Amino acid sequence: DPREPVTDRAQFLRLVEGRTLTHIGVRLTVAPDGRITGRAFGRPVTGEWIWQARYFCRSMTWGTEPIPYNCQTVDRIGGRLRFRSDRGTGDHADLGLD
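Residues numbered from 1 in each chain as written. Predicted model: local features only at pLDDT ≥ 70, side-chain atom pairs only at ≥ 80, totals over all residues. Heavy atoms only, no water.

Draft legend 1. Spatial organisation of the overall build of the chain. A tally of regular secondary structure across the chain gives two helices and nine strands. Along the longest, intermediate and shortest principal axes, the C-alpha atoms of the chain span 35 × 25 × 25 Å. Buried positions account for 41% of the 98 residues belonging to the chain. Long-range contacts, defined here as pairs at least 24 residues apart, represent 29% of the contacts in the chain between residues at least 6 apart. Across the chain, the mean location of the 15 positive side-chain charges is 1 Å away from that of the 12 negative side-chain charges. (Helix = DSSP H or I, 4+ residues; strand = E, 2+ residues; numbered from the N terminus. Buried < 20%, exposed > 50% of the residue type's maximum accessible area, 1.4 Å probe, protein only. Contact = heavy atoms within 4.5 Å. Lys, Arg positive; Asp, Glu negative; His and termini not counted. Charge placed at Lys NZ, Arg CZ, Asp CG, Glu CD.)

Following this line, the structure appears as structure tokens:
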């Protein structure tokens, strides 16, 4: 599938609003009001996000473990979104859109 960069908040929200981001053991909701909620590997996930320039920037907590603030590129690849950490230079996670 071709890679389609997601470059603004409105485009991102069209993709995620009312949907669940999924991966094995992971189910997350990213809400328009800036909240992230869900579960990962049996533990609750909570967090906040903003769109900054062309990046999805978020901080989260997994159970009691903080996940530090990070700004990521987002690409749509077929029915999945690829989040690449450190403004597109780090590791990536592919999440399905259910």
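Draft legend 2. Just the state of the cysteines, in detail. All told, the structure shown has one disulfide when counted by the stated rule. At a sulfur-sulfur separation of 2.1 Å, the disulfide partner of Cys-57 is Cys-71. Between Cys-57 and Cys-71 the disulfide shows an S-S torsion of about 115°. By sign, it is right-handed. With Cys-57 in strand 6 (residues 55-62) and Cys-71 in strand 7 (residues 65-77), the pair connects residues that are 14 residues apart, well separated along the chain. Judged by relative accessible area, Cys-57 falls into the buried class, the value being 1%. Its relative accessible area of 6% is what places Cys-71 among the buried residues. (Disulfide = S-S within 2.5 Å.)

Draft legend 3. The packing of aromatic side chains, seen in detail. All chains considered together, the criterion is met by six aromatic pairs. Their ring planes at 65° and their centres at 5.3 Å tell us that Phe-56 and Phe-83 sit as a pair that is edge-to-face. Of this pair, Phe-56 sits in strand 6 while Phe-83 is found in strand 8 (residues 80-84), placing the two residues 27 residues apart along the sequence. Of the residues examined, Phe-83 reaches a relative accessible area of 7% and is grouped as buried. Here a set of aromatic residues connected by ring pairs shows up, and it is made of Phe-12, Trp-49, Trp-51, Phe-56 and Phe-83. One residue, Arg-43, lies across the ring of Trp-62, its end atom 3.9 Å from the ring centre. A cation sits over an aromatic face here: Arg-87 above Tyr-55, 4.8 Å from the ring centre. (Phe/Tyr/Trp six-rings, centres within 6.5 Å; stacked < 30°, edge-to-face > 60°. Lys NZ or Arg CZ within 6 Å of the ring centre and 35° of its normal.)

Draft legend 4. Inspection of the pairing of strand 9 (residues 92-97) at higher detail. Where strand 2 (residues 21-23) and strand 9 come together, two bridges link them in antiparallel fashion. Bridge pairing in strand 9 links Leu-21 to Leu-97. Here five bridges tie strand 8 to strand 9, and the two strands are oriented antiparallel to one another. The partner of Arg-84 across the bridge, within strand 9, is His-92. (Pairing = 2+ DSSP bridges.)

Draft legend 5. Up close: unusual backbone geometry. Non-glycine residue Ala-53 carries a positive phi angle of around 55°. Mapped onto the secondary structure, Ala-53 falls in the loop between strand 5 (43-52) and strand 6. Ala-53 sits in the exposed class, given a relative accessible area of 68%. Unusually for a residue other than glycine, Arg-87 sits at a positive phi of about 55°. Assignment of secondary structure puts Arg-87 in helix 2 (residues 85-88). Residue classification places Arg-87 among the partly exposed residues on the basis of a relative accessible area of 43%.

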